[in-house]
Amino acid sequence: MKPGDGTTTMDTPVYRTAWEHYGQEWARLDLRLAILMKRMEGPDTHTDPSMLPFKGLVLTEEEMHRSLYDDDGREEDSELAELRRQLADMDAELARKRRAALEQDLFLPVLYLSQVFGLNEFEEQTVLMALALEADRKYEKLYAYVQDDATCKYLTPELAIRLYGLSGSEGPGPLKAFMNGSRLQEWFLRSEGGTPESVSGSLLSRPLRLDERMTAFLLGIGYTDPSLRRYSRLYEAGRDLPDLETGQELQSKLRAYLEGYKASDPVPVFCLWGPPGSGKKLQTRHAAAYWDKPLLVADIEGSLRDERTFSELIAKVFREGMLYGAIVAFERFHLLLGEDEGLGRKRREPLSRIQWMQGPIFLLSEQAWHPEPLQGGKLFLEVEVGVPDATQRKRLWESWSTERGLGQAADWGAVAGKFRFSPGQIAGSLDYTVQLLRWNGRSHGNVDESAVLHRACYAQVQHNLKKKAVRIEPKYDWDQVILPPSKRNN
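Residues numbered from 1 in each chain as written. Predicted model: local features only at pLDDT ≥ 70, side-chain atom pairs only at ≥ 80, totals over all residues. Heavy atoms only, no water.

Caption draft 1: A look at the sheet that holds strand 7 (residues 378–384). With mixed pairing, the seven strands of this open sheet are ordered in space as 1-3-4-5-2-7-6. The two strands at the open ends of the sheet, each matched to only one other strand, are strand 1 (232–235) and strand 6 (374–375). Bridge count for strand 4 (residues 327–331) against strand 5 (residues 361–365) is four bridges, and the pairing is parallel. If you follow A329 over to strand 5, its bridge partner there is F362. Each of strand 2 (267–273), strand 5 and strand 7 is contacted by helix 10 (residues 248–259), which is oriented at about 170° to strand 2, the strand it contacts most. (Pairing = 2+ DSSP bridges. Helix = DSSP H or I, 4+ residues; strand = E, 2+ residues; numbered from the N terminus. Contact = heavy atoms within 4.5 Å. Axes fitted to C-alpha atoms, helices over the stretch in contact; angles between N-to-C directions.)

As structure tokens, then:
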């Protein structure tokens with residue numbers, strides 16, 4: 001292949017930027033629109049100048065005739081034939097470049113989304129047609145003109161099918177791309193205030209507008225979904241990752257399983273449960289880092305408090321995870337456990353979307369769930385992340401107290417035996433101790449560090465107790481209790 005002959009070598013990127021790719025795709029869109037406009041004119045069209053201001057608002061007899069007899073066997077003029085030839089050449093050229101881009105492993109947003117969300121050719125082209133509106137307002141006028149409706153300044157399923165069909169691919173199949181639950185409806189298109197069945201107008205005439213998050217991704221704008229910022233966090237693979245002080249055996253099992261995982265296997269759903277601070281999230285972060293994947297952690301508690309529908313928010317979490325190629329985890333999953341029918345419906349929301357993910361899912365809970373192991377192409381693996389034993393707790397107290405300048409504050413073996421704390425509770429107690437010592441004037445040298453440490457530990461216990469018990473104020477004192485003298489004296 002020679003330079004300048006319209007071909008590329010494997011060393012030369014077929015597209016230098018995403019915008020170069022968009023420019024060529026939208027040049028093809030312009031050709032398709034030009035063909036539609038030329039067909040609308042017809043060889044014998046003589047529009048009344050007085051009717052031009054009402055185009056799209058008033059349907060003339062001539063336009064009705066064209067609607068009824070769109071293809072009446074008229075021979076195409078030379079200009080329309082030339083446009084079709086140019087479109088055929090461009091279709092072939094763009095198909096070749098698309099294959100080359102995939103072979104070169106170029107990152108082009110549209111091709112990336114097609115692979116991640118499993119879009120077919122028509123769905124991919126529809127996304128490009130809708131994206132054109134977001135990048136250039138000229139398409140508002142062009143779309144309105146070819147749809148013969150001055151108020152229809154947006155893409156519709158009918159227009160998408162007509163434009164795509166000009167490349168010789170039209171058929172009944174594309175219509176299902178716009179049905180409720182389709183890939184485009186689920187992940188790409190903006191909600192118009194209801195399901196497709198509840199929106200007025202026929203399926204063919206409904207507006208197709210890209211969701212703002214997908215528009216930002218396609219245009220390369222640094223943006224995260226604002227509705228997720230308050231209760232989700234993305235951890236980059238391995239960045240600022242604390243060491244695992246306990247639970248190495250569990251981590252080894254997770255890694256071994258992920259090493260042997262194949263795409264044909266059931267999607268693994270790891271249900272890690274244990275008390276707060278036991279290291280569930282840290283185990284998940286290490287597993288994701290070992291797989292060289294980012295981790296997106298969403299808080300169930302925050303999503304339950306949000307005014308938007310739980311289903312919508314869960315879908316956005318999964319979409320964000322797919323955009324980043326991340327492993328998704330839901331913390332405080334225990335808030336969805338129970339026999340309540342409403343909780344059951346909410347619990348099924350994340351579970352129903354797991355099959356979209358190309359990797360494991362983590363459910364982090366403070367209590368056991370015991371789901372059915374195999375269901376719906378998913379494998380549920382439930383693992384307890386418990387409190388470390390006394391030896392491990394003593395080692396954590398010693399190590400972390402030294403880091404905080406509290407190495408001599410207590411007998412750490414005795415503290416480890418007295419308080420059966422998780423790693424998070426140990427760290428929290430030590431951090432609180434440091435702050436209490438500052439408050440009580442530790443620098444003066446007259447503060448009992450051991451007493452302050454125990455106060456901090458008891459604060460942890462009382463804090464957790466409030467979650468599990470209700471304090472009852474007694475109505476009677478001991479003098480009012482009726483007991484035999486022998487019992488009272490004991």
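Caption draft 2: Broad picture of the side chain of H21. Mapped onto the elements of the fold, H21 is located in helix 1 (residues 18–41). Ignoring anything within four residues of it in the chain, the contact list for H21 reads Y15, L108 and V110.

Caption draft 3: Quick peek at the packing of helix 5 (residues 121–135) against helix 6 (residues 138–146). Direction vectors running N to C along helix 5 and helix 6 enclose 125°, while the axes themselves pass 6 Å from each other. One way to sum up the angle between helix 5 and helix 6 is to call them oblique. The segment helix 5 lies against helix 6, with M129, A132 and L133 engaging Y139, E140 and Y143. Of the residues that constitute the contact of helix 5 with helix 6, the class distribution is five nonpolar, no polar and one charged. (Parallel < 35°, antiparallel > 145°, perpendicular 65-115°, else oblique. Nonpolar A, V, L, I, M, F, W, Y, C, P; charged D, E, K, R; others polar.)

Caption draft 4: Structural context of unusual backbone geometry. In this structure, D292 takes a positive phi of about 60° despite not being glycine. Looking at the element boundaries, D292 is found in the loop between helix 11 (280–290) and strand 3 (295–299). Judged by its relative accessible area of 61%, D292 is exposed. (Buried < 20%, exposed > 50% of the residue type's maximum accessible area, 1.4 Å probe, protein only.)

Caption draft 5: Geometry of the pairing of strand 2. Among the seven residues of strand 2, six are classified as buried, and the element is accordingly described as predominantly covered. By the bridge criterion, seven bridges tie strand 2 to strand 7 in an arrangement that is parallel. Note on strand 7: the bridge partner recorded for V267 is K378. Two strands pair when backbone bridges link them, and strand 2 and strand 5 are joined in this way by five bridges, in the parallel orientation. Paired with F270 across the bridge in strand 5 is F362.

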